[in-house]
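Now for the letters of each chain:
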Amino acid sequence: MGLAVVAVAFVVVVLVRGGSDADASARKSDPEWCTPGTQRTALCPHSKVFDAKGYVFHGDSYGCIYFASQADAQAVLRANPSDPNHLDDGGGVACRGLPEPRDTKPVSAAAQHFTCRPGDTRSALCPQRKRPFDARYFLRYGNDAYDCPDFASQADAQAVLRFAPADPNHLDGGGKGIACPDLPGPKDVKPVRQGTP
C-alpha cells in the first residue's frame, strides 16, 4: 500500500512538471512556419539551429534585423571579420541593439578596420582627449550594449552613469555609484545616486 501511494505521488509530480514544461515550451515555441531544422532568425528566434557561415558569402545581404540575438550577429562577424554585411557597430562588436544572449568580446580583425572620423565621440577606439564626448552615444542602443572596455577613461564612463543613473549598461557593478573604477584616468569618483539625475 505504501509503495502504491509513493508511485501515485511520483506520477502526479511527473505529470505536473511535464505540464509546466509543456506550458513553458508552448510560450517559447516558434511560429508554425518554422519547421524543425529551420535556421534561427528574428522570425524563428527559438530554433536551436544556427550556422553563422551561411550569412557571410552573399555580400551585404543581411542586416541586424535578421538575427534573433546579438550573439548570433557576433558569431557572423567572427565567421568573417571583413564584415560584408556591415554588422559591426564599431570596435569589432556587431548589432549592439539586439536582445540577449550577448557576446560583446570584440572581433580583433574587425576592430582593426575601424577608423576614427572627425566628430566621432571619444571612446576606447578614439581615445584622444581633445575628441568630443557625448554620453548619449553610449545609451543609443538601450540596455547593456556597452561595457567598461568601450570607454577611454573612468571619467567618461562616470559621465554616462551620471547621464543615466538607472545604469542600463551595468557600468556600476559594485552598486556604489562609481562606474568602471578600474579604467585609467582621468577619474571621476564622486558617487552617483541611483535613480537621480
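Notes on the structure in this doc start here. Predicted, not measured: the structure shown is a model, and the values here were computed from it.

## Some details on the packing of aromatic side chains
1) Next: Tallied over the entire structure, the rule returns nine aromatic pairs.
2) Next: Ring centres of Phe50 and Tyr55 lie 5.6 Å apart, and the angle between their planes is 25°; this geometry places the pair in the stacked category. Note on accessibility: Phe50 and Tyr55 belong to one class, buried.
3) Next: On the basis of an interplanar angle of 70° and a centroid distance of 4.7 Å, the ring pair of Tyr55 and Tyr62 is categorised as edge-to-face.
4) Next: Relative accessible area serves as the criterion here: at 5%, Tyr55 is assigned to the buried category.
5) Next: Three or more aromatic residues link up through ring pairs in this structure, and these residues are Phe50, Tyr55, Tyr62, Tyr66 and Phe67.
6) Next: Directly above the ring of Tyr137 sits Arg140, whose terminal nitrogen or CZ lies 4.0 Å from the centroid.

## Considerations on the environment of Gly63
1) Next: Here Gly63 shows up in the loop between helix H1 (2-27) and helix H2 (70-79).
2) Next: Along the primary structure Gly63 and Ala73 are separated by ten residues, whereas in three dimensions their C-alpha atoms are 9.0 Å apart.

## Points about the layout of surface pockets
1) Next: Considered as a void within the structure, the largest pocket measures approximately 340 Å³ in volume.
2) Next: What lines the largest pocket is a set of 18 residues, and nearest its centre among them are Asp88, Asp89, Gly90, Phe114 and Arg117.
3) Next: Of the residues assigned to the lining of the largest pocket, the class counts are five nonpolar, seven polar and six charged.
4) Next: The space that makes up the second largest pocket amounts to roughly 250 Å³.
5) Next: In this structure, the second largest pocket is lined by 18 residues; those nearest its centre are Gly91, Arg96, Leu125, Pro149 and Asp150.

Calculation criteria
Residues numbered from 1 in each chain as written. Predicted model: local features only at pLDDT ≥ 70, side-chain atom pairs only at ≥ 80, totals over all residues. Heavy atoms only, no water. Phe/Tyr/Trp six-rings, centres within 6.5 Å; stacked < 30°, edge-to-face > 60°. Buried < 20%, exposed > 50% of the residue type's maximum accessible area, 1.4 Å probe, protein only. Lys NZ or Arg CZ within 6 Å of the ring centre and 35° of its normal. Helix = DSSP H or I, 4+ residues; strand = E, 2+ residues; numbered from the N terminus. 1 Å grid on protein atoms, 1.4 Å probe; cavity = no way out; pocket = protein on both sides within 12 Å on 5 of 7 lines; lining within 4 Å. Points joined across faces, edges and corners; volume = space filled by probe spheres on them. Nonpolar A, V, L, I, M, F, W, Y, C, P; charged D, E, K, R; others polar.

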